[in-house]
Amino acid sequence: MLVKKSLPNRILEWILDNPSRLIIFSFLLVILIGSVLLFLPFSTYAGHHLNYFEALFTAVSATCVTGLIVTDTATTFTLFGKIVLICLIQVGGLGLVTIASFIFSFTRKKQDIRSRMLQLETSGSFSIKEAPTLLKYIFGITFSIEFLGGCLLSIAYVPKFGVVNGLGKAFFQSISAYCNAGFDLLGSTEAGPYSSLTGFYNSSLVIIVTAFLILFGGLGFTVWVDLFGLFKKKKMRVHSKIVLEWTLGLTLFGFLFLLIIESFNAKSMGDFSFKNQMLSAFFQSVSFRTAGFNSIDLAAMTDGSKTVAIILMLIGAGSGSTGGGIKITTFAILIYAVISELRGEESTITHKSKIPAALVRRALALFTIGIAVVAVLSVVISIFEYEAISNGDFSFIDIVFEATSAFATVGLSTAGTPNLTVFSKIFIIPAMFLGRVGPLSLAVSLTMKGEKKIGKVLPETDVHIG
């Protein structure tokens, strides 16, 4: 006798059948739980109660480690609400399935192939064999760096805010920075709500520690494993070399550009001392690539700096990291492909290695999807914000900045997210989610059938380009 499975069981099987699909639905589950918890009256101070949409927006932003906010974190949320937020950030940065896989690896000795594939997907590993080891590295590295960062930030915050308040702000910021989330508890200071790190632009300790927390979180766990194993193997994967080289190059590029351009802009950092200008330029160059903190008034930057920021945000951090964007390796592969084409090479070559054509196509697809999402979202928001643009409240480049920040899960804003209409925020929510789970992963996970195979040989054709 055949027993027909119920619809819920079929849906559950469909979700569990694909690791990417399971990861996506785990994020949705965390967002749903987080939004309900933030909506509860005791999550916010009296007079600051959020409606459900605001709670949902905040939960999506925290879980997707974006940092776009509709209300100031420090002055709105109670201790319970802040604990919920930091838990969402930590789970969002690591991934619920990553955490579950880590626990699973300790509770069962024998694992089936599906469990191994899930570990491979969640850890960003290159092979099933090394996935469990990488998962252990992920947790060891994460909590060690977050603890060290919290201790260092406490040196600056405890004398200023007291032991309990100072430690709370320090460790909240450390976790948020390492997870590239951009949330902070500094809105209750003299700098005022939505101030981020602008009140500490001249604190070398706060700025440098936060910047390196962002960098460490944005490298990717595979790179960390390579760095730790460098003394034993004395060699490094091409992937890690690309991430480290481009991280250094992009950070240096952003630093020099901002230092040269914004040092003459009195509205942003032109009135700072040279030391503080260097600190701010370095910090923003790091933060633009997915962190969501700011130590200067971003709305006051020149259009040139905003454009550079948009480029850095879109590129983002390393693959398999807590950061967002299309990822450094995606952008680097496309550049290598262009260089190889200009040299007349048949394949894409870098570091004396050949990059597979399938990987180049995937990078091109991801880049195209990213550009398309940002373009469409920018147009949609500009329609809803027509009146504000007409009144000169902000410009179209601020809209593009907002759209890129949402998709790349950066969390910075020059228009001011709370100032946007509800309709704009509605479209920003799926952009943040898409940017966190990855456009290609989402597309693959929702596809019922596997990759199509062409059963016959098709003739080649010529198409004029350029």
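Structure: see above.
Our subject in this report is the structure included herewith. Owing to the predicted nature of the structure, the values given are computational and were not obtained by experimental measurement.

## A look at the pattern of salt bridges
Should their charged atoms come close, side chains of opposite charge can pair. By the definition in use, this model includes 3 salt bridges. Across the salt bridge formed by Glu190 and Lys160, the nearest N and O atoms sit 3.1 Å from each other. Here Lys160 lies in helix α8 (residues 131-161) and Glu190 lies in the loop between α9 (163-178) and α10 (204-219), a separation of 30 residues in the sequence.

## Let's talk about the layout of surface pockets
Volume-wise, the second largest pocket comes out at about 470 Å³. If you go around the second largest pocket, you meet 26 residues; those closest to its centre are Ile69, Tyr194, Ser196, Asn294 and Ser413.

## Quick look at empty space enclosed by the protein
It is a probe the size of a water molecule, rolled over the atoms, that shows where empty space is left. For the structure shown, the criterion picks out 1 cavity of 30 Å³ or more. A volume near 50 Å³ is recorded for the largest cavity. Forming the boundary of the largest cavity are Asn180, Ile214, Leu215, Gly218, Leu219, Thr247, Val286, Arg289, Thr290 and Ala317. By residue number, the principal contributor to the lining of the largest cavity is α10, which donates 4 residues. Residue composition of the lining of the largest cavity, by class: 5 nonpolar, 4 polar and 1 charged.

## Observations regarding the packing of α10 against helix α14 (residues 274-287)
Helix-helix packing is described using two parameters, namely the angle between the two axes and the distance between the axes. As a packed pair, α10 and α14 sit with axes 9 Å apart at the nearest point and diverge in direction by 20°. As the angle between them shows, α10 and α14 are arranged roughly parallel. When the axes of α10 and α14 are compared, the crossing they make is left-handed. Here Ser204, Ile207, Ile208, Thr210, Ala211, Phe212, Ile214 and Leu215 of α10 come into contact with α14, specifically with Lys275, Leu279, Phe282, Phe283, Val286 and Ser287. Split by residue class, the contact of α10 with α14 holds 10 nonpolar, 3 polar and 1 charged.

## What to know about a nonpolar patch on the surface
The grouping of Val379, Ile383, Phe384, Val422, Phe423, Ile426 and Phe427 at the surface amounts to a nonpolar patch, some 640 Å² of accessible area in total. Contributions of two or more residues to the nonpolar patch are made by α17 (357-384) and α20 (422-437). If you tally residues by element for the nonpolar patch, the top one is α20, at 4 residues. Structurally, the position occupied by Phe384 is in helix α17.

What counts and what doesn't
Residues numbered from 1 in each chain as written. Predicted model: local features only at pLDDT ≥ 70, side-chain atom pairs only at ≥ 80, totals over all residues. Heavy atoms only, no water. Salt bridge = Lys/Arg side-chain N within 4 Å of Asp/Glu carboxyl O. Helix = DSSP H or I, 4+ residues; strand = E, 2+ residues; numbered from the N terminus. 1 Å grid on protein atoms, 1.4 Å probe; cavity = no way out; pocket = protein on both sides within 12 Å on 5 of 7 lines; lining within 4 Å. Points joined across faces, edges and corners; volume = space filled by probe spheres on them. Nonpolar A, V, L, I, M, F, W, Y, C, P; charged D, E, K, R; others polar. Axes fitted to C-alpha atoms, helices over the stretch in contact; angles between N-to-C directions. Parallel < 35°, antiparallel > 145°, perpendicular 65-115°, else oblique. Left-handed = near helix turned anticlockwise from the far one by under 90°. Contact = heavy atoms within 4.5 Å. Patch = residues over 30% accessible without salt bridge, like charges linked within 9 Å, V, L, I, M, F, W, Y side chains within 5 Å. Areas by Shrake-Rupley, 256 points an atom, 1.4 Å probe, with all protein chains shown as cover.

That's the geometry; what it means functionally is another story.
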